[in-house]
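Tertiary structure, described
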Amino acid sequence: MIKVGIIGATGYAGNELVRLLLQHREAQIIWYGSRSYIEKPYADVYRNMFQLVEEKCFDDNIEELANSADVIFTATPQGYCASMMNDNILSKTKIVDLSADFRIKDVKTYEAWYKIEHKSPQYLEEAVYGLCEINRDKIKNARLVANPGCYPTCSFLSVYPLIKEGVIDANTIIIDAKSGTSGAGRGAKVDNLFCEVNENIKAYGVGVHRHTPEIEEQFSYQAGFPVFINFTPHLVPMNRGILVTAYASLKKQRKEEELREIYQNYYKEEKFVRFLEQGICPETRWVEGSNFVDVNIKVDIRTNRVIMMGAMDNLVKGAAGQAIQNMNLMFGLKETEGLLQVPMFP
């Protein structure tokens, strides 16, 4: 049985980790870490856990936790994991960090976009970017995994096959993305109040969103040269879900059937990426509560562009589910263990 500690267990991603791990046959949660709720019963913070979780919340002492946990999930704000990381911790336990601290390899890029100093850049080279569909073999031997961001996960999986195959001009990519309000976390913010969000949709972080360099870096690895994109996220009045609609110019005219064959070849063995039937657009309602990503494409012959679409649950495949998928690989388990929940509807 894998002993699991969670730092940041009372945030939305932390609670989703708890929900999924309670259904995992090979994992036992031994630490519900929360700086804000020390000694408070976890089920008092999240009443959905009533009579399911009896434990109280502990503090966020990762040094102490490392002595007893086989793996620690850090579902914490940017900067925490990097500020705590050291050789002693990594010699005792494995880390799956759900923040951005180890996703971006260039420390100057991280500091420029996140406006904080990176406290442990010496681990950036070692950290494995935890997108299982491309880094599966590296993740298996990792002791520090950087869990990808929600927008980057959906964006990457929607576009990846055509970048990798060199079919599109990667520097023409435009990504229009929309997310539910849970993506902003559980902290109280005026912009996320019901009256502010309901009956409204808005763009935010236009041209400056912090997931931009993460997406560009991963695209660049696949393209083999530096890629720069336009990425614009939007906030929509729903709890969960991300919808990505990406556009790019084709290098030459292609039939849609050719591109569909590429996607089918890339994703035919991927349990959590569902390539949809022709003409079916991804919808967030068909992936809610699951670790699945629904993907599809449409070729616009008139403009010689391809539209690439993806939908997923930002708290599952975009955070907790992907983190557990990484854990499964790190411990030699079946990758799908604890993650085959059927999407919820309605």
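Bear in mind the structure is a predicted one, so any value in this text is a computation, not a measurement. (Residues numbered from 1 in each chain as written. Predicted model: local features only at pLDDT ≥ 70, side-chain atom pairs only at ≥ 80, totals over all residues. Heavy atoms only, no water.)

Quick notes on the environment of Glu 288
With respect to the helices, strands and loops of the structure, Glu 288 is situated in the loop between β11 (273–275) and β12 (293–300). Sequence-wise, Glu 288 and Ile 174 are 114 residues apart; in three dimensions their C-alpha atoms are separated by 25 Å. Here Glu 288 is in contact with Arg 240, Asp 313, Pro 343 and Met 344, once residues within four sequence places are set aside. (Helix = DSSP H or I, 4+ residues; strand = E, 2+ residues; numbered from the N terminus. Contact = heavy atoms within 4.5 Å.)

Here we look at the sheet that holds β11
Within a beta sheet, neighbouring strands are joined by backbone hydrogen bonds and run either parallel or antiparallel to one another. Pairing in this open sheet of seven strands is mixed, and the strands run β8-β9-β7-β10-β13-β12-β11 from one edge to the other. Pairing within the sheet leaves two strands with one partner each, and these edge strands are β8 (202–203) and β11. For strand β7 (residues 174–179) and strand β9 (residues 230–235), the ladder comprises six bridges, and the chain directions are parallel. For Ser 179, the partnering residue across the bridge sits in β9 and is Leu 235. Contacts from helix α8 (residues 150–164) reach β7, β9, β10 (242–249), β11, β12 and β13 (305–312), with the element oriented near 140 degrees to β13. (Pairing = 2+ DSSP bridges. Axes fitted to C-alpha atoms, helices over the stretch in contact; angles between N-to-C directions.)

Topic: the nonpolar core
Ranked by internal contacts, the top residues of the largest apolar core, which has 42 residues, are Leu 17, Leu 21 and Phe 73. Put simply, the parts of the chain that give this core at least two residues each are β1 (2–7), α1 (12–21), β2 (27–33), α2 (42–45), β3 (71–74), α7 (132–140) and α12 (316–330). Looking at this core, the element that brings in the most residues is α12, giving eight residues. (Core = buried A, V, L, I, M, F, W, Y, C linked by side-chain atoms within 4.5 Å. Buried < 20%, exposed > 50% of the residue type's maximum accessible area, 1.4 Å probe, protein only.)

Considerations on the sheet that holds β1
Across the sheet, six strands lie side by side as β2-β1-β3-β4-β6-β5; this open sheet has parallel pairing. Either end of the sheet is taken by a strand with one partner, and the two such strands are β2 and β5 (128–129). Across two bridges, the pairing between β5 and strand β6 (residues 144–146) is parallel. Counted as the bridge partner of Val 128 is Val 145 from β6. Seen against the sheet, α1 touches β1, β2 and β3 and runs at an angle of roughly 160 degrees to β1.

Limitation: the analysis is restricted to geometry and does not speak to function.
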